[in-house]
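Fold and contact review
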Amino acid sequence: MTVHHLKSFAILLCWGFPFFPFLCHRRNDRTVLYRNYRVIHQKKHTYLHRSFNFVTRGKLVILTSYIQSCHVLLNAEQFASNQLSFPLEKRVKAGIVPAVIVFGDSIVDTGNNNYLETIFKVNYPPYGKDFFGGQPTGRFSNGKVPSDFIVEELGIKEVLRPYLDPSLGIEDLLTGVNFASGGGGYDPLTSELASVISLEEQIELFKEYIEKVKSMAGEEAANTILSKGLFIVATGSNDVTNTYFNNPLRKYHFDFDSYTSLMLRSASSFLQDLYNLGARRIGVFGVPPIGCLPSQRTLKGGTLRACAGNYNELAELFNTKLSMEINSLSHNLPFARMVYIDGYYLPLDIIQNPAKYGFDVSNIGCCGTGTIEVAFLCKYTCTNVSEYVFWDSFHFTENAYRIIVGDFLNKHMNYLLK
């Protein structure tokens, strides 16, 4: 085992692996009978049809995953007579968003880590159990992640493939790719310790990508992607959990204010590098309520497994600074349209009020006991993942991600597409 492997294993311990998985908690008897998820993309309209059929206390209902960021219960007749159009159909015309480019960590990684020598990869079961064919792809969830939902709901394609995938074709490149790497962060030390692709390296890969597009499709195609494409950044969680609170190189040399300023300088530099390369429409997710993740509740929440307040405090402080910096950059950089995307308060509300969004369980994950397992410790799963906010002890289920992405698109796409 190399030094890098030892470092990576130490980081995984911070995710929460000191315990042997216990017997699976008993799940309640609600059973998913049928799921139909289909996007029909036509020339000028995109229609979204989603339904989840449940048997609940003997009554068949259909739960739509979200409509304008809310879950609405409809019976079968109502759903059939009220064909629901996709909320963005009036805002996203053909060609307005030609491509989506994503940077970040495991929240949005769609498989880049499969091609790295790192233990921060999940290209094995039960990950991907609800993805196409039930195949593990390196996505840190049971199915799709935000990257996929964004391209799907904009009518671009079904999934966003990782840039390191050697089988990428010209169509993949022209409609966008993913540079995110699970385990990374804004702090350069975070990616170094995990042996994954840093933001600086993601930018270098992006430069390589632009040159590929130019050589394969021409300068105009590359410029169109840069000026009209949607660029998404989602990272920062690992900086809080792995690098700050569990690494003496950071915790004992920085207080909350100075460490979040270190993260902010990295974030601002990255966004300006992206802008200088030609990107104009940029959305940046805030850090989620890290202290309320199942793993952190188990490790830091005491016997009652309460949310770890100091973790959330650090996340909130960084998000406040990040939001202000994004507003400043968007105002001062010509033709830039940058938005801060809430990655904190909506997820927190989902965690605190799961029933409001169609979930039953939010304090543990579906994987294993749900309290501590992630990555290779996920050996078995719950019987009904649709009831869960979290897939493992660190990552959301695809149903939770779908709600978060829908909220972002409905709130910010009008501005980004002006």
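Remember, predicted model here, so these are calculated numbers, not experimental data.

Our focus in this paragraph is helix H3 (residues 146-153). An α-helical turn contains 3.6 residues, so any two residues separated by three or four positions project in the same direction. Of all 8 residues that make up H3, 8 are buried, and the element is covered over most of its length. All of the buried residues along H3 are Pro146, Ser147, Asp148, Phe149, Ile150, Val151, Glu152 and Glu153.

What follows covers the sheet that holds strand E8 (residues 337-341). Sheet architecture is open: 4 strands sit in the order E5-E6-E7-E8, paired in parallel fashion. Lying at the two open borders of the sheet, with one neighbouring strand each, are strand E5 (100-104) and E8. For this sheet, the mean angle separating the axes of adjacent strands, direction not counted, is 15 degrees. As judged from the 5 bridges shared by strand E6 (residues 230-234) and strand E7 (residues 281-285), these two strands associate in the parallel manner. Bridge assignment links Leu230 to a residue of E7, and that residue is Arg281. Lying over the sheet, helix H12 (residues 309-332) contacts E7 and E8, oriented at roughly 165 degrees with respect to E8.

Let us now look at the pattern of salt bridges. For the coordinates displayed, the defined rule picks out 14 salt bridges. A salt bridge links Lys321 to Asp257; its shortest N-O distance comes to 2.8 Å. Here Asp257 lies in helix H10 (residues 256-276) and Lys321 lies in helix H12, a separation of 64 residues in the sequence. Across the salt bridge formed by Asp407 and Lys411, the nearest N and O atoms sit 3.4 Å from each other.

With that out of the way, let us pick up the state of the cysteines. Counting across every chain of the model gives 3 disulfides. Across a sulfur-sulfur distance of 2.0 Å, Cys366 and Cys382 are joined as a disulfide pair. Its torsion about the S-S bond being -95 degrees, the disulfide of Cys366 and Cys382 is classed as left-handed. Of the two residues, Cys366 is situated in the loop between strand E9 (361-365) and strand E10 (388-390) and Cys382 in the loop between E9 and E10; the sequence distance between them amounts to 16 residues. Note on Cys366: relative accessible area 0%, which makes it buried.

Mean pLDDT for the chain: 82, with 77% of residues reaching 70 or above. Low confidence marks residues 6-11, where pLDDT is under 50. Its contacts with residues over four positions away, or in another chain, come to 14 contacts.

Of all 8 residues making up helix H8 (residues 237-244), 8 are buried, and the element is well covered by its neighbours. Taken together, the buried positions of H8 are Ser237, Asn238, Asp239, Val240, Thr241, Asn242, Thr243 and Tyr244.

We now examine the pairing of E8. Each regular strand carries side chains that alternate between the two faces of the sheet. The buried count for E8 comes to 4 of 5 residues, which makes it a mostly enclosed element. Strand direction decides the pairing type here: E7 and E8, joined by 5 bridges, are parallel. Looking at E8, one finds that Phe285 is bridged to Ile341.

In this structure, the amide linkage connecting Pro125 to the following residue, Pro126, adopts the cis form with an omega of 5 degrees. For Pro126, the position within the fold is in the loop between E5 and H3. Residues other than glycine seldom take positive phi values, yet Ser195 does so here, at roughly 55 degrees. As for its position among the elements, Ser195 is in the loop between helix H5 (188-194) and helix H6 (199-217). The class for Ser195 is buried, based on a relative accessible area of 17%. Phi is positive for Ala375, which is not a glycine, with a value near 55 degrees.

Okay, the pairing of E6 next. Along E6, 5 of the 5 residues are buried, which leaves the element largely enclosed by surrounding structure. A two-sided burial pattern is seen for E6, the buried positions comprising Leu230, Ile232 and Ala234 on one face and Phe231 and Val233 on the other. In the sheet, E5 pairs with E6 via 5 bridges, with the strands oriented parallel. For Val102, the partnering residue across the bridge sits in E6 and is Ile232.

This next bit is on the environment of Thr235. Along the chain, the position of Thr235 falls in the loop between E6 and H8. Classification of Thr235 as buried rests on a relative accessible area of 4%. Taking C-alpha positions, Thr235 is 9.4 Å from Ser181, a pair spaced 54 residues apart along the chain. Not counting the four nearest positions on each side in its chain, Thr235 is found in contact with Gly104, Asp105, Gly184, Gly185, Tyr186, Leu199 and Val287. Here Asp105 takes part through its side chain, which lies 3.2 Å from a polar atom of the side chain of Thr235.

Cut-offs applied
- Residues numbered from 1 in each chain as written.
- Predicted model: local features only at pLDDT ≥ 70, side-chain atom pairs only at ≥ 80, totals over all residues.
- Heavy atoms only, no water.
- Buried < 20%, exposed > 50% of the residue type's maximum accessible area, 1.4 Å probe, protein only.
- Helix = DSSP H or I, 4+ residues; strand = E, 2+ residues; numbered from the N terminus.
- Pairing = 2+ DSSP bridges.
- Axes fitted to C-alpha atoms, helices over the stretch in contact; angles between N-to-C directions.
- Contact = heavy atoms within 4.5 Å.
- Salt bridge = Lys/Arg side-chain N within 4 Å of Asp/Glu carboxyl O.
- Disulfide = S-S within 2.5 Å.
- pLDDT = per-residue confidence, 0-100.
- Polar contact = N/O pair within 3.5 Å; in protein donor to acceptor, adjacent residues only side chain to side chain.

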